[in-house]
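Results of the structural survey
What follows is the residue order along each chain.
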Amino acid sequence: MALAGIERRLIAEALGSCLLAAVVIGSGIMGERLASGNVGVALLANAIATGAGLVVLILTFGPVSGAHFNPAVSLAFCLRGELPMREGAYYATAQIGGALAGAVLAHAMFDMSLVQTGTQIRTGAGQWIGEAMATAMLLMVIFACLRSAPAAIPYAVGLVITANYWATSSTSFANPAITIARTITDTFAAIRPEDAPAFIAAQLAAAVATVYLARWLYAETPQAK
C-alpha cells in the first residue's frame, strides 16, 4: 500500500506522540524541581499530568488517526486485522519520531540541553514484569471499551496509565516510542539506553499475548483484510 492517503493520520500520530512525550518528560522535570527532593510528590505530579494529557490528546487526535501514539497499540491492531501491517509500520515510525521530538521540546521549554543520555537505571525481572503488566492492562482496557463504551476510551486510558505509574515497579512506560524518547533525557523520566530494549521487548510481548487473550476472552474473530 502506498503512503498516499494516510498523511493526515501519520501527522496526527507524530504530533500526538510528540506532545505526549513532552508531557511525560516536562511534567517530570517540573515535578522534580518543585518537589524539593520528595520523589513521591514528583511521581504523583508526573502521573497526574501524563494521565490528563493522554485524555486530552486522545480526544484531540482520535478522530483523525485513532490516537495510538504507541507502537505496541498499533501492533495489537495489526494483529486484530484492523490495521494493515504496512500502515502499522508507518504509524510506529511516526510515533517514534514524534516522541523523540517531544523529548527535545521538553528540554527546550526548560532551557536544558536538547539531547541528553539517560542515566536512570531501570532493569531487572521485576521491572520487565511491570512493563508487561502495564501494557497488557492498557490494551485490555482499550479492547473492552471498544466493545462496550468507545466514548470512554480516552478517560479509561488516562486512568489506567495514572494508576500503573503507582502500581507497577517500572512506573508504566507501556509504550516503545515513549521508552525510546526517555533514553535521550537525563531527567526524572529517564531510562538508560541499554535498559530500553528489555522494556520494549516486554511491552511488545505483552501486546501480542493480550491480543490473543482478548480474542479468547471475548470470543472474538479476526477481521478479514
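Look above for the structure.
Residues numbered from 1 in each chain as written. Predicted model: local features only at pLDDT ≥ 70, side-chain atom pairs only at ≥ 80, totals over all residues. Heavy atoms only, no water.

Between its first and last C-alpha, helix 8 (residues 196–217) extends 31 Å over 22 residues, near the 32 Å set by a 1.5 Å rise per residue. All of the buried residues along helix 8 are A196, F199, I200, A202, Q203, A206, A207, T210, V211, A214 and R215. Just beyond helix 8, the residue with positive phi is A219, at close to 55°. (Helix = DSSP H or I, 4+ residues; strand = E, 2+ residues; numbered from the N terminus. Expected span 1.5 Å × (residues − 1). Buried < 20%, exposed > 50% of the residue type's maximum accessible area, 1.4 Å probe, protein only.)

This part takes up helix 3 (residues 71–79). Counting buried positions along helix 3 yields 7 of 9 residues, so the element is predominantly enclosed. Taken together, the buried positions of helix 3 are occupied by P71, A72, V73, S74, A76, F77 and C78. Check the buried side of helix 3 and you find it contacts helix 4 (85–109), helix 5 (125–148), helix 7 (176–181) and helix 8. The N-terminus of helix 3 is capped by N70, whose side-chain oxygen sits 2.9 Å from the backbone nitrogen of A72. Count one or two residues on from helix 3 and you reach G81, which has phi positive near 80°. (Contact = heavy atoms within 4.5 Å. Polar contact = N/O pair within 3.5 Å; in protein donor to acceptor, adjacent residues only side chain to side chain.)

This brings us to the environment of S17. Following the sequence through the fold, S17 ends up in helix 1 (residues 7–34). In this structure the C-alpha to C-alpha distance between S17 and G62, which are 45 residues apart in sequence, comes to 12 Å. For S17, the residues in contact, after removing those within four places along its chain, are F69, Q95, G98, A99 and I178.

Here we take up the environment of V115. Turning to its location among the elements, V115 is positioned in the loop between helix 4 and helix 5. Classification of V115 as exposed rests on a relative accessible area of 57%. Here V115 is in contact with V104, H107 and I184, once residues within four sequence places are set aside.

This part takes up the packing of aromatic side chains. For any pair of aromatic rings, geometry is given as the distance between the ring centres together with the angle between the planes. Under the criterion given, the structure shown has 3 aromatic pairs. Aromatic side chains F61 and F69 sit 6.2 Å apart centroid to centroid with 85° between the ring planes, which places their arrangement in the edge-to-face category. In this pair, the class of F61 matches that of F69, namely buried. Plain terms: the ring middles of F77 and F143 are 6.3 Å apart, the flat faces sit at 75° to each other, and that makes the pair edge-to-face. In this pair, F77 is assigned in helix 3 and F143 in helix 5, connecting sequence segments 66 residues apart. Across this residue pair, the class does not change: F77 and F143 are buried. Seen from the ring of F173, R182 lies directly overhead, with NZ or CZ sitting 3.5 Å from the centre. (Phe/Tyr/Trp six-rings, centres within 6.5 Å; stacked < 30°, edge-to-face > 60°. Lys NZ or Arg CZ within 6 Å of the ring centre and 35° of its normal.)

Okay, the layout of surface pockets next. Its boundaries defined by the atoms lining it, the largest pocket holds a volume of some 430 Å³. If you trace the largest pocket, you find 30 residues lining it, with I58, A67, H68, I142 and V157 closest to the centre. Within the residue set of the lining of the largest pocket, elements represented by two or more residues are helix 1, helix 2 (39–65), helix 3, helix 5 and helix 6 (153–167). With 6 residues, helix 2 is the single largest residue contributor to the lining of the largest pocket. For the lining of the largest pocket, the class distribution of residues is 22 nonpolar, 7 polar and 1 charged. Taken as a whole, the second largest pocket holds about 180 Å³ of empty space. With 3 residues, helix 2 is the single largest residue contributor to the lining of the second largest pocket. Taken together, the residues of the lining of the second largest pocket break down into 6 nonpolar, 5 polar and 4 charged. (1 Å grid on protein atoms, 1.4 Å probe; cavity = no way out; pocket = protein on both sides within 12 Å on 5 of 7 lines; lining within 4 Å. Points joined across faces, edges and corners; volume = space filled by probe spheres on them. Nonpolar A, V, L, I, M, F, W, Y, C, P; charged D, E, K, R; others polar.)

The next subject is the pattern of salt bridges. Enumeration according to the criterion identifies 4 salt bridges in this entry. The shortest N-O distance in the salt bridge between R192 and E194 comes to 3.5 Å. Residue R192 is classed as partly exposed on the basis of its relative accessible area, which comes to 21%. Residue classification places E194 among the exposed residues on the basis of a relative accessible area of 53%. Taking the shortest distance from any N to any O, the salt bridge between D195 and R192 comes out at 2.9 Å. One network of salt bridges, with partners in common, ties together R192, E194 and D195. (Salt bridge = Lys/Arg side-chain N within 4 Å of Asp/Glu carboxyl O.)

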